[in-house]
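Spelled out from the first residue to the last, the chains are:
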Amino acid sequence: MTNPHHLTSANSHPVVIQAEGLSCGYEGNLVLSDVSFEVKQSEAFFIIGGSGCGKSTLLRTLVGLNTPTTGSVEILGKPFSKADLPTRRAQLRNIGMLFQSSALWSSLTLRQNVSLPLEEHTNLTRKEIDEIAMLKLAQLGLKGFENYYPAEISGGMKKRAGLARALALDPAIVFFDEPWAGLDPITSRKLNYQIKEIQQTFGTTLVIVSHELESIFELANRVIMLDRESKNIIAEGNPKDLLKNTTDSRVKDFLHRGSLNIHQA
Amino acid sequence: MPAASKIHLAEVSVEKLGDTLELTLSGTWHISAPKPSWNKYSPDPKTINCIKITIAHLKAWDTSLLLFLGEVKSWCTSHKIICNLSHLPDSMHHLLLSLEGVYETLPPKKRDESLLTAVGIATNQAWYNTKGILSFIGESCLGLLRLPTRIKKFRWGDWIDHMQACGVMSLPIVSLISFLVGLTLAYQAAVELRQFGADIFIADIVGLSVVREMGPMMAAVILAGRTGASFAATIGNMRANEEIDALEVLGISAIDFLVIPRLLALGIMMPLLTLYANCIGILGGMVVAGGVLQISPAAYWIETQSSIDLTDLGTGLLKATTFGLLIGLSGCMRGLQSERSAEGVGKVTTSAVVTAILLVIVADALYAVLFHALGI
């Protein structure tokens, strides 16, 4: 079994996401300015920071839901943000995303939700697609709920079903937008365990937006911390190393409470 | 009166000691209860140089007390009188400071703009809207064209569900409206025709107007209100719930997944509903002809058959198919343009109906010109 500390030292791993000089915003208000970073294969990479610092905006830009004002994103060594729509769609097959609201398609059952990406992007038979969908749902503890509609299950189950859908095509990179938001501590821990298992089993790269400090310290190999004032990255590295070595009071204040929780737990 | 129901109202007692006015606050200060007004107690500012505020027998207090203190303090500041609050508890001091801070915040965001800026923004918006509409129509056409290549992936189940929702489920309302329209047309015509003894031509008037104009138009208006609004609300809601984003991130075209099945459902069900509406409209005319002009159903039917040919029927059905596609396009397009809020969904629903009816009427007018030019 690989643990996160081993993965931090994996500097030799190829870069899977390269963000170069990204600036993004809404209606003329710049949220992020000239942000550059890279994510390596099999990393658990966290984008952290206080509310309103642009974490979700950055994530949406990385997956192509927002167009950057300047700069570019490369995914798996190929241009992504500047590519044309068919090229981008082809590249999206390597990506999965768990949305904050889970964003399950409400008119489809959980099985149909997981099946849809497979139906669209593969030539598998109906039987094979169903088998994969059932397997993915079972892996995330949703066996027996395959024919339920999203409105009929709890928030935690929706998150897991959303994750099953994100993993349907066995993507190389999975993006998570606040995966622990609105979950109770026990469900959060279960989700942590499942996320860790995915990373360790398939070597999947995880890009997670969060400010859940307990999960950051438990899962992250590397974090970047964004700041609302400077609209840029103010710290980068392993969260435990950052906590020990940083002199920046903003980073220290942010990470300190989380480290206390970990020690108390 | 039972003791429990006694209400201690907010009270202020005032005592003047030399040049100091001592205010003692007591009782229960509650925001929903009457609050003493400082204007009632404020003295002549020339007679004092200090106001001392104390509390005694204060049962309970909330923001109403702070508002009163705020009034006193600002009066003191404006009249250059010392306001001694040192006898108040710390918690009150803190809140009072916060209350003062309310007025010290940054000026509100300037939202009004010059005429030139407004015109610029509106022009920009109009350009983006036009681009959005053209791009949506283009993508939908491409989606329809690539349908044969991805026929296996076409969502047949959704298509049938949409056909049922917009076709079968609309039958009762289409029946009622079409029958009443046929009936109204016949009544209007009957009065005039009787004067000339041309009673039998009621079948021609009703038949031609219903088949060429009223059948497709009424079916379109009903579907614009019923189905167009439903499409916009459903898709708008999906947008608000990030379901459309989920499609995009998974590399699934929202046009293929959401728009094409709906467009095809309406494109097929509209002519069928129009045929049905035509029959019911003619039936409405037949009832009036029988009741008012004593024309037998057989005679009415033979006259209708002789007046309507396949060209009339064809033009009506061609219009109906166009109207169906326009309603589908309006509903889906407005839905995809929705903002991510409940209000946004409401707005696009209204907008979808208005756009659909507008486009239907414009298309109808264009068809009228075209058919006239072609002589059909």
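Right above here is the structure, for reference.
Residues numbered from 1 in each chain as written. Chains lettered and ligands numbered in written order. Predicted model: local features only at pLDDT ≥ 70, side-chain atom pairs only at ≥ 80, totals over all residues.

*Asks:* So what's going on with the overall build of chain A? Which residues, and what values?
*Replies:* Within chain A, the secondary structure is distributed over ten helices and ten strands. Over its C-alpha atoms chain A spans a radius of gyration of 18 Å, differing by no more than 12% from the 18 Å that the globule rule assigns to 265 residues. Each of the 265 residues in chain A was classed as buried or not, and the buried ones make up 41%. Sequence-distant contacts, at least 24 apart, represent 67% of the contacts inside chain A between residues at least 6 apart. (Helix = DSSP H or I, 4+ residues; strand = E, 2+ residues; numbered from the N terminus. Rg over C-alpha atoms; globule rule 2.2 N^0.38 Å. Buried ≥ 20, exposed ≤ 12 C-beta atoms within 10 Å, placed from the backbone. Contact = placed C-beta atoms within 7 Å.)

*Asks:* Describe the sheet that holds strand β3 (residues 50-60) of chain B, naming the residues involved and giving the relevant values.
*Replies:* All names here are of chain B. With respect to topology, four strands assemble into an open sheet ordered β1-β2-β3-β4, the strand pairing being mixed. Two strands lie at the open edges of the sheet, namely β1 (11-17) and β4 (82-84), each paired on one side alone. Ignoring strand direction, the axes of neighbouring strands in this sheet form an average angle of 20 degrees. Bridge count for β3 against β4 is three bridges, and the pairing is parallel. Following the sheet pairing, Ile51 is matched in β4 by Cys83. (Pairing = 2+ DSSP bridges. Axes fitted to C-alpha atoms, helices over the stretch in contact; angles between N-to-C directions.)

*Asks:* Mind laying out the interface of chain A and chain B, listing which residues take part and the relevant values?
*Replies:* Across the boundary between the two partners, chain A contributes 17 residues, which contact eleven residues of chain B. Breaking the side of chain A that touches chain B down by element, the ones donating at least two residues are β6 (95-98) and α4 (110-121) of chain A. A total of five residues in the side of chain A that touches chain B trace back to one element, the largest contributor, which is α4 of chain A. A per-class count over the side of chain A that touches chain B returns ten nonpolar, three polar and four charged. (Nonpolar A, V, L, I, M, F, W, Y, C, P; charged D, E, K, R; others polar.)

*Asks:* Give a detailed account of the packing of helix α2 (residues 63-78) of chain B against helix α3 (residues 90-102) of chain B, specifying residues and quantitative values.
*Replies:* All names here are of chain B. Two elements in contact, α2 and α3, have axes separated by 10 Å at closest approach and are oriented at 65 degrees. Between α2 and α3, the angle is such that the two are roughly perpendicular. Here α2 and α3 pass one another in a crossing that is right-handed. Listed contacts from α3 to Leu66, Leu69 and Gly70 of α2 are Leu95, Leu96 and Leu99. Residues that form the contact of α2 with α3 fall into these classes: five nonpolar, one polar and no charged. (Parallel < 35°, antiparallel > 145°, perpendicular 65-115°, else oblique. Left-handed = near helix turned anticlockwise from the far one by under 90°.)

*Asks:* Can you explain the sheet that holds strand β8 (residues 205-209) of chain A? Please cite residues and give values.
*Replies:* Residues and elements named next belong to chain A. Overall, mixed pairing links the six strands, which are arranged β6-β7-β8-β3-β9-β10 in an open sheet. Every other strand in the sheet has two partners, leaving β6 and β10 (232-237) as the edge strands with one partner each. Between one strand and the next, the sheet's axes are offset by a mean angle of 15 degrees, whatever the strand orientation. Pairing of β6 with strand β7 (residues 173-177), which is carried by four bridges, proceeds in the parallel orientation. Directly across from Gly96, in β7, lies its bridge partner Val174. Of the strands in this sheet, β6 and β7 are in contact with helix α6 (residues 155-166), which crosses β6 at around 170 degrees.

*Asks:* Before we move on, can you summarise the packing of helix α4 (residues 115-145) of chain B against helix α9 (residues 254-292) of chain B with the specific residues and values?
*Replies:* Residues and elements named next belong to chain B. Between α4 and α9, the shortest axis-to-axis distance is 10 Å and the interhelical angle comes to 80 degrees. The angle between α4 and α9 falls in the class roughly perpendicular. Counting all contacts with α4, which are made through Glu139, Ser140, Gly143 and Leu144, the residues of α9 involved are Ile255, Asp256, Val259, Ile260 and Leu263. Of the residues belonging to the contact of α4 with α9, the class tally is five nonpolar, two polar and two charged.

*Asks:* Break down the environment of Ala203 of chain B for me, citing the residues and quoting the values.
*Replies:* Residues and elements named next belong to chain B. Following the sequence through the fold, Ala203 ends up in helix α7 (residues 202-240). We classify Ala203 as buried; it has 27 C-beta atoms within 10 Å. Taking the C-alpha atoms as reference, Ala203 lies 92 Å from Thr24; in sequence the two are 179 residues apart.

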